[in-house]
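An overview of the molecular structure
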Amino acid sequence: MAQPHCAVPAHVLFPQLAEIVRQYLAQKVEVRPPADIKDLALAPYYGWLVERLVEAIRPDASAGEAPEVPRYEKTRGPGSTADVDFWTSKEPKEVLHCHLNYVVPDTKKWEQVASYYIDKHPLVDAFVKNAGLSFAIPYLHNGQPHDYLPDFIMRLKTDPPVHLILETKGYDPLEEVKAAAAQRWVAAVNADGTFGQWSYAIARKTTEVSDIISRASAEAVPSATR
């Protein structure tokens, strides 16, 4: 992500950051004896704290601050389903509302059922399983950069079209980190506007998929008011 140069002096920003840290320690940190709150100054807790805050702090666009915008890769253009071509030993599932002829699931049941609900939903114009597409959202964990590959991307029948990123997920210890990164990515891409309007959601049960799609469509910003 990228932002214009910040001209606000440090003595103005520091009290704001100190209050954010105070709230985080009070609301998000559970100290279990014999640990002490001061242990946050030690590794690996200090690094985790910095990562969480860096990922969570956003510009206040409502107060006139410039929104965060994406920093696009210079070595390649936008991705496309036309670039997807790979071999797999997994059993694919045939679908209709997809530019590809098959969905290649990574699960025994979850993604197959989710793709069925997506394919049959009347508000889905097109969708793709994120396999061989190289669509990745960057995030930090333990001081190292990683790529998060969400499960599905949909184009909904809205005006303008909304692109919904959907994750179908059971237990994942990094769920909060990945979701925060995805929401940050969506906010930045929407602020830039080059690639239209995007949304992100997590389905913890396959039966939630249809409602998530309907809700994302209802929350779309009409073109006349954008």
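See the structure shown above.
The structure reproduced in this document is the subject of the present report. (Residues numbered from 1 in each chain as written. Predicted model: local features only at pLDDT ≥ 70, side-chain atom pairs only at ≥ 80, totals over all residues. Heavy atoms only, no water.)

Attention now goes to the packing of helix H3 (residues 110-120) against helix H5 (residues 209-218). It is the contact of H3 with H5, at a shortest axis distance of 9 Å, that shows an interaxial angle of 40°. Relative to H5, the element H3 is oriented oblique. For the pair H3 and H5, the sense of crossing is right-handed. Between H3 and H5, the residues in contact are Ala-114, Tyr-117 and Ile-118 and Val-209, Ser-210 and Ile-213, respectively. (Axes fitted to C-alpha atoms, helices over the stretch in contact; angles between N-to-C directions. Helix = DSSP H or I, 4+ residues; strand = E, 2+ residues; numbered from the N terminus. Parallel < 35°, antiparallel > 145°, perpendicular 65-115°, else oblique. Left-handed = near helix turned anticlockwise from the far one by under 90°. Contact = heavy atoms within 4.5 Å.)

This next bit is on the packing of helix H1 (residues 10-28) against helix H2 (residues 45-56). In the contact formed by H1 and H2, the axes pass within 12 Å of each other and the chain directions differ by 115°. Relative to H2, the crossing made by H1 is right-handed. In this structure, H1 contributes Ile-20, Val-21 and Tyr-24 to the contact, and H2 contributes Leu-49, Arg-52 and Leu-53. For the contact of H1 with H2, the class distribution of residues is 5 nonpolar, no polar and 1 charged. (Nonpolar A, V, L, I, M, F, W, Y, C, P; charged D, E, K, R; others polar.)

Relative to strand E5 (residues 144-148), strand E4 (residues 137-141) is paired through 5 bridges, and the arrangement is antiparallel. Across the sheet, the residue bridging to His-141 is Gln-144, located in E5. Counted between consecutive antiparallel strands, the loop separating E4 from E5 contains 2 residues, among which Asn-142 sits at a positive phi close to 55°. (Pairing = 2+ DSSP bridges.)

That is the geometry; function is a separate question.
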